[in-house]
Amino acid sequence: MFSFFRKPKTKPNTENKNETANLESFLIGTGTDRHGRTYNQIIRYNDLQLESDHSYIQWVFPTETQSKYNALAPVISREQAKKLADIGLVKENLHRMFMRMLLFYGVQLMSNIELEEKEDDTIVVVTKGRRTSWVFHKARIEEWLQNENHNLLRISRILECLRLFERETDHKLLCKIVNSLAEYKPEIKTWLCWEYWTDYMVYEKPETERAAVEMGERLRKMSDNQKVMDNLATERRNHDVFGN
């Protein structure tokens, strides 16, 4: 079976080094991609443009993985992503593009009032909150939710990018949506994309948070060890006092 989900080599092609160098200004919104497009111009694409153009997705959602289908696409290192993740305009643009792609996929945020007025067999409720809900538009979902459709691969990239740039809230939302897709169409779990989605759905905590967790774990082990030593000392004292 043809497997377009197989991970390509993560080493960037030497020809795309200039593209990677231009990535920072593009993500901030002041620069352009290799086709002269700004981030804002791509966000304003209509659904047909987003569907048919295959050269933008690696720019708006960069990852560590070299694209198998666009050898000149930029590749970003973990260190570069961490640096850019702290820039407000980068965070804002990633969020805006994520929201745009959800609409492209047929996933929409609705107020619960709108949902009550609209709710029928054309939509499926994904996540229902106190005031707002995420819904699937069935007709649109069915257009792309097919095994080995290229839009499945794009979801893998978006998950990987949001995790790399530590966009935890958006990453968690996309994970919920992905799991809801599996409830809507259970056979997804037999598709190759599911293996990649579940891998990228594991959220890696930021380095400072990971360090704090690791320190807490070490302190807990030290505390447990101290309790063992205290118990041994108590037993020894009891033995000395009372004997056997």
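Draft legend 1. Quick look at unusual backbone geometry. A positive phi angle, close to 70°, is found at Glu148, a residue other than glycine. Relative to the assigned elements, Glu148 resides in the loop between helix H8 (138-144) and helix H9 (150-164). Within the chain, Glu166 stands out as a residue other than glycine whose phi angle is a positive 60°. With respect to the secondary-structure elements, Glu166 resides in the loop between H9 and helix H10 (168-184). The partly exposed category is assigned to Glu166, whose relative accessible area is 28%.

Draft legend 2. Representation of the nonpolar core. Ranked by size, the top nonpolar core spans 55 residues in total, and within it Phe61, Met97, Met101, Phe165 and Trp197 carry the most contacts. Counting residues per element, this core draws most heavily on helix H6 (residues 88-105), at eight residues. Setting aside chain neighbours within four positions, we find Trp197 in contact with Leu152, Ile155, Ser156, Leu159, Val178, Leu181 and Ile188.

Draft legend 3. The arrangement of the environment of Arg131 in detail. Of note, Arg131 is situated in the loop between strand E2 (123-128) and strand E3 (132-137). On the basis of relative accessible area, Arg131 is assigned to the exposed category, the value being 72%. Along the primary structure Arg131 and Ile113 are separated by 18 residues, whereas in three dimensions their C-alpha atoms are 8.1 Å apart. In this structure Arg131 touches Met110, Ser111 and Asn112, once residues within four positions along its chain are discounted.

Draft legend 4. Focus on the packing of aromatic side chains. Inspection of the entire model under this criterion finds seven aromatic pairs. Residues Phe136 and Tyr184 carry aromatic rings whose centres are separated by 6.2 Å and whose planes lie at 70° to one another, so their mutual orientation is edge-to-face. Here Phe136 is found in strand E3, whereas its partner Tyr184 is found in helix H10, with 48 residues between them in sequence. On the accessibility criterion, Phe136 (1% relative accessible area) is buried. Take Tyr184: its relative accessible area is 24%, and that puts it in the partly exposed class.

Draft legend 5. Fine view of empty space enclosed by the protein. According to the stated counting rule, one finds one cavity of 30 Å³ or more in the structure shown. Its volume calculated, the largest cavity comes out at about 80 Å³. Looking at the lining of the largest cavity, the elements that each hand over two or more residues are H6, H9 and H10. Residue contributions to the lining of the largest cavity peak at four residues, all from H6. For the lining of the largest cavity, a count of residues per class yields eleven nonpolar, no polar and no charged.

Draft legend 6. Fine view of H9. For H9, spanning 15 residues, the distance from its first C-alpha to its last is 21 Å, which sits close to the expected 21 Å at 1.5 Å a residue. Where H9 begins, the side chain of Asn149 points an oxygen toward the backbone nitrogen of Asn151, at a separation of 2.8 Å. Following H9 by one or two positions, Glu166 has its phi on the positive side, about 60°.

Draft legend 7. Region of interest: the pattern of salt bridges. Enumeration according to the criterion identifies nine salt bridges in this entry. Salt-bridge contacts for Arg140 lead to Glu51; the nearest nitrogen and oxygen are separated by 3.6 Å. Here the residue Arg140 occupies a position in helix H8, and Glu51 occupies one in helix H3 (residues 47-52), the gap between them amounting to 89 residues. For Glu51, a relative accessible area of 24% corresponds to the partly exposed category. Glu168 serves as the salt-bridge partner of Lys172, at 3.3 Å between the closest nitrogen and oxygen. Remark: Glu168 and Lys172 occur in helix H10; sequence separation between them is four residues, near one turn of the helix. Residue Lys172 is classed as partly exposed on the basis of its relative accessible area of 48%.

Draft legend 8. Examining the packing of H6 against H10 more closely. Orientation of H6 relative to H10, taken along the N-to-C sense of each, is 15°, at an axis distance of 11 Å. One finds that H6 runs roughly parallel with respect to H10. Viewed along their axes, H6 and H10 form a crossing whose handedness is left-handed. Here His95, Phe98, Met99 and Leu102 of H6 come into contact with H10, specifically with Asp170, Leu173, Leu174 and Ile177. Among the residues forming the contact of H6 with H10, the class breakdown is six nonpolar, one polar and one charged.

Cut-offs and rules
- Throughout this description, residue numbers start from 1 for each chain and increase along the sequence as written.
- pLDDT decides what is reported in this predicted model: residues at 70 or higher carry local features, side-chain atom pairs at 80 or more are listed and counted, and totals for whole chains, interfaces and linings draw on all residues regardless.
- The side-chain numbers reported here are obtained from all heavy atoms of the structure, hydrogens and water having been left aside.
- What counts as a helix is a DSSP run of H or I of at least four residues, what counts as a strand is a run of E of at least two, and both are numbered from the N terminus.
- Summary of the burial criterion: residues with accessible area below 20% of their type's maximum are buried, those above 50% are exposed, and those between are partly exposed, where the area comes from a 1.4 Å probe applied to protein chains only.
- We call a set of buried residues a nonpolar core when its members are Ala, Val, Leu, Ile, Met, Phe, Trp, Tyr or Cys and they connect through side-chain atoms within 4.5 Å of each other.
- We call two residues contacting when some pair of their heavy atoms lies within 4.5 Å.
- Only rings of Phe, Tyr and Trp enter the pairing, Trp through its six-membered ring, and a pair is recorded when the two centres are within 6.5 Å. The plane angle decides the type: under 30 degrees is stacked, over 60 is edge-to-face, the rest tilted.
- Any residue with an atom within 4 Å of a point lines the site, the site being either a cavity, points on a 1 Å grid over the protein atoms alone where a 1.4 Å probe fits but cannot get out, or a pocket, an open set with protein on both sides within 12 Å along at least 5 of 7 lines.
- Grid points are joined across faces, edges and corners, and a volume is the space filled by probe spheres set on the points.
- By the convention adopted, Pro, Cys, Tyr, Trp, Phe, Met, Ile, Leu, Val and Ala count as nonpolar, Lys, Arg, Asp and Glu as charged, and the other residues, Gly among them, as polar.
- To estimate how far a helix should extend, the number of its residues minus one is multiplied by 1.5 Å.
- Between N or O atoms, a polar contact is any pair within 3.5 Å; within protein, one atom must be a potential hydrogen donor and the other a potential acceptor, and residues adjacent in sequence are included only when both atoms are from side chains.
- Whenever Lys or Arg places a side-chain nitrogen within 4 Å of a carboxyl oxygen from Asp or Glu, that contact is recorded as a salt bridge.
- Lines are fitted to the C-alpha atoms to define the axes, a helix being fitted only along its stretch in contact, and any angle between axes, read from their N-to-C directions, falls within 0 to 180 degrees.
- Note that the term roughly parallel is reserved for angles under 35 degrees, roughly antiparallel for angles over 145, roughly perpendicular for angles of 65 to 115, and oblique for everything else.
- Crossings are classed by handedness, with left-handed meaning an anticlockwise turn of the near helix from the far one by less than a right angle and right-handed meaning a clockwise turn.

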